[in-house]
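# Architecture at a glance
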Amino acid sequence: MAKKKGTVVYLSEEDKNNLETIANHWGISQSSAVQRLIREYINTTATKVARAASLSALK
């Protein structure tokens, strides 16, 4: 399996501190925390889109 290339993300000092706090709270690395946050955002967004589509179908 080929290794995925990472994307460089530039964060402000405040965002770096927030990410470090989240990672420490979850007990995972900062890169894992970023992946988890992205995954949760995608899942939340997909759920909202699905709900909107369902409501549109009911009208």
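For the structure, check the block above.
I will try to describe carefully the structure that is included in this document. Everything quoted here is computed from the prediction, not taken from an experiment.

Per the secondary structure count, the chain includes two helices and zero strands. For 59 residues, the compact-globule estimate of 2.2 N^0.38 gives 10 Å, and the C-alpha radius of gyration of the chain, at 16 Å, exceeds that figure by more than 25%. Taken along the three principal axes of its C-alpha coordinates, the chain extends 45 × 35 × 20 Å. Within the chain, the proportion of its 59 residues that are buried is 5%. By element, 57% of the accessible surface of the chain is carried by carbon and sulfur atoms, the whole surface being about 5,600 Å². Of the side-chain charges in the chain, 9 are positive and 5 negative, and the distance between the mean point of each set is 15 Å.

On to the packing of helix H1 (residues 13-26) against helix H2 (residues 30-58), then. Orientation of H1 relative to H2, taken along the N-to-C sense of each, is 90°, at an axis distance of 9 Å. The orientation of H1 relative to H2 falls into the category roughly perpendicular. Taking contact as the criterion, the partners of Leu 19, Glu 20, Ile 22, Ala 23 and Trp 26 in H1 are, on H2, Gln 30, Ala 33, Val 34, Arg 36, Leu 37 and Glu 40. Considering only residue class, the contact of H1 with H2 consists of seven nonpolar, one polar and three charged.

Scanning the model with the defined rule gives two salt bridges in all. Here Glu 13 ties to Lys 16 by a salt bridge, and the two come within 3.4 Å at their closest N and O atoms. With Glu 13 and Lys 16 both in helix H1, this residue pair falls three residues apart, about one helical turn. Residue Glu 13 is classed as exposed on the basis of its relative accessible area, which comes to 55%. Take Lys 16: its relative accessible area is 38%, and that puts it in the partly exposed class. The shortest N-O distance in the salt bridge between Glu 40 and Arg 36 comes to 3.1 Å. Taken together, the positions of Glu 40 and Arg 36, both in helix H2 and four residues apart, correspond to about one turn of that helix.

Reading the values: rules and limits
Residues numbered from 1 in each chain as written. Predicted model: local features only at pLDDT ≥ 70, side-chain atom pairs only at ≥ 80, totals over all residues. Heavy atoms only, no water. Helix = DSSP H or I, 4+ residues; strand = E, 2+ residues; numbered from the N terminus. Rg over C-alpha atoms; globule rule 2.2 N^0.38 Å. Buried < 20%, exposed > 50% of the residue type's maximum accessible area, 1.4 Å probe, protein only. Areas by Shrake-Rupley, 256 points an atom, 1.4 Å probe, with all protein chains shown as cover. Lys, Arg positive; Asp, Glu negative; His and termini not counted. Charge placed at Lys NZ, Arg CZ, Asp CG, Glu CD. Axes fitted to C-alpha atoms, helices over the stretch in contact; angles between N-to-C directions. Parallel < 35°, antiparallel > 145°, perpendicular 65-115°, else oblique. Contact = heavy atoms within 4.5 Å. Nonpolar A, V, L, I, M, F, W, Y, C, P; charged D, E, K, R; others polar. Salt bridge = Lys/Arg side-chain N within 4 Å of Asp/Glu carboxyl O.

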